[in-house]
Amino acid sequence: MKHRLLLFGSLVMVIVVLAGCKTVYNNDISSRPNLSYLYFVSASKYQGGVEVCVDNETRFKAEVVKDRKSAIKNNTYEVTTGKRNIVVIYNGNVIYEQDVFLATLEAKKIVLP
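Residues numbered from 1 in each chain as written. Predicted model: local features only at pLDDT ≥ 70, side-chain atom pairs only at ≥ 80, totals over all residues. Heavy atoms only, no water.

A.B. asks: Please provide a residue-by-residue account of the nonpolar core, values included.
C.D. replies: Counting residues in hydrophobic clusters, the biggest one holds 19 residues, and the most contacted among them are Phe40, Val50, Val52, Ile86, Val88 and Leu112. Contributing elements (two or more residues each) for this core: strand 1 (35–41), strand 2 (50–54), strand 3 (58–62), strand 5 (77–80), strand 6 (82–90) and strand 7 (93–102). Beyond its immediate chain neighbours, meaning those up to four positions away, Leu112 contacts Phe40, Val41, Ser42, Tyr46, Val50, Val64, Val88, Ile95 and Tyr96. (Core = buried A, V, L, I, M, F, W, Y, C linked by side-chain atoms within 4.5 Å. Buried < 20%, exposed > 50% of the residue type's maximum accessible area, 1.4 Å probe, protein only. Helix = DSSP H or I, 4+ residues; strand = E, 2+ residues; numbered from the N terminus. Contact = heavy atoms within 4.5 Å.)

Below, the structure written as structure tokens:
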């Protein structure tokens, strides 16, 4: 009888302890925006910036900075995630063209000549 009571009490304690543990579901991924970021670096100077074309649809002017950690903070441009064709134009000449895959919240460095 004591053995059954001890076994039953232990079982109740295990259930209470496990019931008290909260199961954590990470919903953070689904709440993140479907955006990634581009930034453009080069050792050369590009006066007035460059024109960027994404998938032959979206066009915007971008500033080109020197490659350093602080370049990421103020010179990033939002782009939707997935496989994207990036074309960079300066003074009417294509200086960069490549297909890139962009993950959610990724900051992709585009190195220009």
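After that view of the structure, there is still more to cover.
A.B. asks: Which residues make up the side chain of Ser42, and what values go with them?
C.D. replies: Considering the arrangement of structural elements, one finds Ser42 in the loop between strand 1 and strand 2. The class of Ser42 is buried, set by a relative accessible area of 6%. A distance of 3.0 Å separates a polar side-chain atom of Ser42 from the backbone nitrogen of Ser44. Engagement of the side chain of Ser42 in a polar contact is seen with the backbone oxygen of Leu112, the distance being 3.3 Å. (Polar contact = N/O pair within 3.5 Å; in protein donor to acceptor, adjacent residues only side chain to side chain.)

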